[in-house]
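# Chains, contacts and geometry: an overview
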Amino acid sequence: MTDTHEMERQATAAPAIELKGISKAFGPVQANKDISIRVMPGTIHGIIGENGAGKSTLMSILYGFYKADKGEIFISGRKTEIPDSQAAIAAGIGMVFQHFKLVENFTVLENIILGAEDGRLLKPSLAKARKSLLKLADDYGLRVDPDALIQDIGVGMQQRVEILKALYRQADILILDEPTGVLTPAEADQLFRILGRLKSEGKTIILITHKLREIMETTDTVSVMRRGEMTATVKTSETSPAELAELMVGRKVLLRVDKDVATPGEVILDIKGLRVVDDKGVERLRGIDLQVRAGEILGVAGVAGNGQSELLEVLGGYQTGTGSVRVNGQELDLTGKHSDGQSRRKHGIAHVPEDRQREGLIMDYHAWENTAFGYHKDPAYRSGMLMNNAAIKADTVEKMERFDVRPPNPKLAAKNFSGGNQQKIVLAREIERNPDLLLIGQPTRGVDIGAIEFIHQQIVALRDQGKAILLVSVELEEILALSDRVAVMFDGQVMGTRDASATDEKELGLMMAGITEAQSTPMEA
Amino acid sequence: MDVMPKWAEVVLVPLISLLLAAILSALVILGIGEDPVAAVKLMISGALGSTYGWGYTLYYATNFMFTGLCVAIAFHARLFNIGGEGQAMLGGLGVALACLYIPWPHWSLALVGATAMAAIFGAAWAAIPAFLQAKRGSHIVITTIMFNFIAAAVLNYILVNMMRPQGSMDPATARFPDATKLPTLHDMLAPIGINFSQAAPANISLLVAIAACIFLWLLIWRTRLGYEIRAYGHSESAAKYAGISPFKITMIAMTISGALAGMMAINNVMGEAERLVLNATEGAGFIGIAVALMGRSHPLGVFLAAILFGFLYQGGAELALWTSIPRELIVVIQALVILFTGALDNMVRMPLEKIFLTLRSLRAPKPERKPVEPAE
């Protein structure tokens with residue numbers, strides 16, 4: 001206390017965060033092994049690694065969710081104990097989770113003060129919060145409508161609210177866990193602009209991701225994690241995506257998909273004038289016409305929320321619609337008794353849904369039970385009146401081996417697998433049904449690089465067997481790498497279809513914003 | 001992988017809960033100046049010390065098995081059926097109609113017919129709230145509670161105005177014919193040389209209840225329907241994706257649930273009272289909730305929990321009869337057991353999980369139990 005000036009000088013020179021020898025084990029699994037890291041103030045530090053590499057565990061320790069078995073944490077040069085998230089917030093750490101922690105039917109403002117209300121009455125703290133919120137919005141260019149309900153605003157906006165929540169709590173250090181997993185390219189670009197602004201205002205940012213492009217474009221330094229260990233920390237300007245990828249997986253990976261030219265056959269899926277009105281009366285699909293042929297991949301690109309999800313749902317049988325959908329020449333029932341997932345499967349349609357945790361899997365079911373999910377009425381899984389659990393288990397063991405699911409334990413609950421392995425369980429189930437038409441939504445969302453390569457190979461292999469594939473993804477790179485033709489959706493309509501070889505990100509990006517060559521002004525989204 | 005081994009989950013947690021409830025009950029008994037040790041002795045000898053005691057314990061347990069299974073199957077579809085009481089009352093009406101108006105040649109046929117009628121009446125009574133939930137979104141907890149009151153009122157009306165024999169002052173049906181009299185445990189065990197009390201009401205319905213436990217186990221864990229019910233209970237959005245109809249599952253799970261509650265009537269109405277009286281269910285429908293909670297909605301758990309509650313009922317009655325411990329206190333003791341085993345389950349579970357975690361980290365390499373990246 002004698003020399004505050006000296007202390008201040010020290011604090012600015014010290015790293016914003018320093019971890020020394022952090023170790024954490026869950027039972028026999030060593031999630032973090034002797035990890036040390038220094039993040040200087042006013043920089044963006046990337047942490048990259050495959051799913052299960054231990055990134056989230058490390059950040060959970062920093063945010064007080066887990067207690068490290070060993071190791072020390074220094075915040076601005078001071079040794080700090082972080083037993084819970086309250087302590088983390090007090091130390092100036094803010095966290096933006098992959099899955100947002102927002103109350104859907106609260107307004108933006110109410111969400112921001114949630115847990116930080118002062119006083120017994122709500123009104124004064126709301127008024128106070130409104131003022132600081134507007135100031136924050138000005139300072140960092142984070143414009144939001146404080147009175148909008150969370151459920152009414154887009155995902156990108158919701159993430160902004162999460163960031164504002166952290167800033168409102170005076171966070172100097174911001175941790176973002178896979179922030180772009182749910183964002184469109186445009187939203188992601190906006191996020192990175194915001195992060196740049198925050199950095200220039202002196203905030204320290206830790207960006208956890210497994211996307212190399214984001215690391216290369218935004219970070220100052222990057223640490224690579226593999227199997228719980230920190231394998232390298234380098235200056236971003238002194239490394240390359242290839243080097244990082246190799247450090248992550250320990251072997252070279254293909255960022256492009258190896259595939260031959262498609263040989264499309266007859267039309268498998270024929271959609272004409274498809275319309276969907278959701279339960280709030282909003283028209284989500286406004287007359288879609290699309291065709292997918294045997295032996296080709298049709299990629300549906302578009303900013304999330306422009307009708308792609310509804311398209312998959314109505315084709316998958318759990319959303320009603322009007323218009324005409326033919327599969328193999330047979331008309332699908334879009335509203336009546338046969339408009340459900342079971343009859344869709346009978347038509348030879350397999351579906352890898354966009355959200356594997358909410359739809360594709362029962363998270364509390366064992367892997368083997370999930371292997372039968374949707375196909376539980378298959379005669380092969382039946383013996384007399386009962387289900388043939390032994391047959392399902394045997395089938396699961398084989399599928400897990402073929403799709404390299406780790407750990408290959410059919411009795412593990414789905415929730416205990418990493419994201420990539422959960423996706424492999426769904427893929428194995430759907431692809432091995434040998435469908436005529438595969439619907440696949442966000443095949444590699446939240447999936448690590450090693451698994452992405454594998455999943456892409458499986459999709460191309462299915463195409464080469466002469467199957468029709470409808471791919472929906474918000475990752476433009478993925479669409480371009482996988483598709484033979486690309487359809488772009490905007491505001492419930494198809495803006496146009498292009499041959500993947502004859503288009504580029506720029507053209508598709510314009511179409512995704514609702515701009516065709518004919519018009520040059522963007523339409524309101 | 002679970003934090004605790006399975007045996008701790010299914011045996012240790014309920015046992016400790018039970019022990020805590022017993023300790024608290026002992027303190028209450030001490031507080032009113034009675035001797036808890038003597039009380040426990042009396043309860044045990046009263047409920048389990050004689051074939052007479054066993055006969056009552058098993059009689060109550062039979063009721064609780066049916067109502068416990070009723071709640072359990074609905075739980076698997078994440079439906080909270082609190083209407084077991086009303087469904088059991090209607091089941092009683094079904095039994096009474098079957099026994100009074102059909103001339104059965106033999107008790108075995110009467111049992112089959114009465115069981116079917118009881119199940120149909122109970123199922124129909126549960127189907128209405130189920131339909132309202134599935135189609136109109138009326139919350140099933142609210143509607144099933146209200147349907148308990150409606151059932152009581154309906155039964156009151158029918159007994160007083162329609163089924164009461166002429167000249168009788170009692171709001172009850174006439175006595176069922178002799179041909180519908182079910183064999184008691186005394187009748188069943190006498191041929192193999194066991195002299196079971198003749199006065200105890202336990203009867204062949206116990207076997208039906210045990211059969212129902214086995215049937216339900218098969219249904220939940222081994223059939224496609226059970227698979228769909230559990231899937232729907234875990235995740236409605238995923239069920240829709242797989243083509244499992246929420247409407248269908250809600251209706252089926254609730255009708256099975258109501259049928260099981262209704263079937264209780266073959267025990268209390270046909271087996272014991274041999275006529276339908278007002279309030280024949282005596283709250284067994286509500287005890288079923290505690291039984292299902294304690295039994296973790298597993299048929300074997302329900303079976304064991306039902307016997308425990310049968311013991312508490314019979315032991316409690318003995319206590320009220322032979323000591324100055326008032327009847328109300330017996331209810332308090334039963335309530336404590338329900339509170340600890342059902343509602344306060346986590347109070348025991350959490351510390352126990354911690355103990356197992358520390359134990360495991362002490363003897364290091366053991367099977368894995370947590371994902372490496374739980375935040376995913």
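Residues numbered from 1 in each chain as written. Chains lettered and ligands numbered in written order. Predicted model: local features only at pLDDT ≥ 70, side-chain atom pairs only at ≥ 80, totals over all residues. Heavy atoms only, no water.

## Section: the domain arrangement of chain B
Residues and elements named next belong to chain B.
- Split into domains, chain B comes out as domain 1 (1-27 + 330-367) and domain 2 (35-323).
- Placing a centre on the C-alpha atoms of domain 1 and another on those of domain 2 gives a separation of 28 Å.
- Between domain 1 and domain 2, the contact holds 12 residues from the first and 13 residues from the second.
- Here domain 1 meets domain 2 over a buried area of about 1,100 Å², counting both sides, of which 77% is carbon and sulfur.
- Area buried by domain 1 at its contact with domain 2 is led by Ile330, Gln334 and Ile338, which between them contribute 39% of it. (Domains from an automatic or database assignment. Contact = heavy atoms within 4.5 Å. Buried area = accessible area lost by both parts, 1.4 Å probe.)

## A look at the pattern of salt bridges
Residues and elements named next belong to chain A.
- With the rule as written, the count across this model stands at 33 salt bridges over all chains.
- Lysine 259 is the partner of aspartate 484 in a salt bridge, and the nearest nitrogen-oxygen pair spans 3.8 Å. Placement of aspartate 484 in the loop between helix 17 (476-482) and strand 21 (485-490) and of lysine 259 in the loop between helix 9 (241-249) and strand 11 (267-277) is noted, with a sequence separation of 225 residues between them.
- Accessibility expressed as a relative area gives 28% for lysine 259, which makes it partly exposed.
- Glutamate 507 is the partner of arginine 498 in a salt bridge, and the nearest nitrogen-oxygen pair spans 2.6 Å. (Salt bridge = Lys/Arg side-chain N within 4 Å of Asp/Glu carboxyl O. Helix = DSSP H or I, 4+ residues; strand = E, 2+ residues; numbered from the N terminus. Buried < 20%, exposed > 50% of the residue type's maximum accessible area, 1.4 Å probe, protein only.)

## Brief notes about the sheet that holds strand 6 (residues 93-96) of chain A
Residues and elements named next belong to chain A.
- On the basis of which strands lie adjacent, the open sheet formed by six strands has the order 6-7-8-3-9-10 and mixed pairing. Two strands in the sheet have a free side with no partner beyond their single neighbour: strand 6 and strand 10 (229-235). Each strand of the sheet is rotated relative to its neighbour by a mean of 20 degrees, with strand direction disregarded.
- In the sheet, strand 6 pairs with strand 7 (residues 173-177) via four bridges, with the strands oriented parallel. The residue bridging valine 96 from the neighbouring strand is leucine 176, located in strand 7.
- Helix 6 (residues 155-168) rests against strand 6 and strand 7 of the sheet, and its axis sits at about 170 degrees to strand 6. (Pairing = 2+ DSSP bridges. Axes fitted to C-alpha atoms, helices over the stretch in contact; angles between N-to-C directions.)

## Details of a nonpolar patch on the surface
All names here are of chain B.
- A surface patch of nonpolar side chains, about 630 Å² in accessible area, is lined by Leu19, Leu20, Ile23, Leu24, Leu27, Leu30 and Met347.
- No other element matches the six residues that helix 1 (residues 6-31) contributes to the nonpolar patch.
- Relative to the helices and strands, leucine 20 resides in helix 1. (Patch = residues over 30% accessible without salt bridge, like charges linked within 9 Å, V, L, I, M, F, W, Y side chains within 5 Å. Areas by Shrake-Rupley, 256 points an atom, 1.4 Å probe, with all protein chains shown as cover.)

## What about the domain arrangement of chain A?
Residues and elements named next belong to chain A.
- Domain boundaries assigned for chain A yield domain 1 (10-249) and domain 2 (267-358 + 434-512).
- For domain 1 and domain 2, the distance between their C-alpha centroids amounts to 33 Å.
- Contacts between domain 1 and domain 2 engage 14 residues on the former and 15 residues on the latter.
- Surface buried jointly by domain 1 and domain 2 totals about 1,100 Å² across both partners, of which 57% is contributed by carbon and sulfur atoms.
- Where domain 1 touches domain 2, the interface holds zero salt bridges.
- For the side of domain 1 that touches domain 2, the elements supplying multiple residues, two or more each, are helix 8 (212-218) and helix 9.
- Of the residues in the side of domain 1 that touches domain 2, the class split is five nonpolar, six polar and three charged. (Nonpolar A, V, L, I, M, F, W, Y, C, P; charged D, E, K, R; others polar.)

## Quick look at the side chain of Thr281(B)
All names here are of chain B.
- Assignment of secondary structure puts threonine 281 in the loop between helix 12 (265-273) and helix 13 (284-294).
- Residue classification places threonine 281 among the buried positions, given a relative accessible area of 4%.
- Not counting the four nearest positions on each side in its chain, threonine 281 is found in contact with Glu85, Ala88, Met89, Met264 and Asn268.

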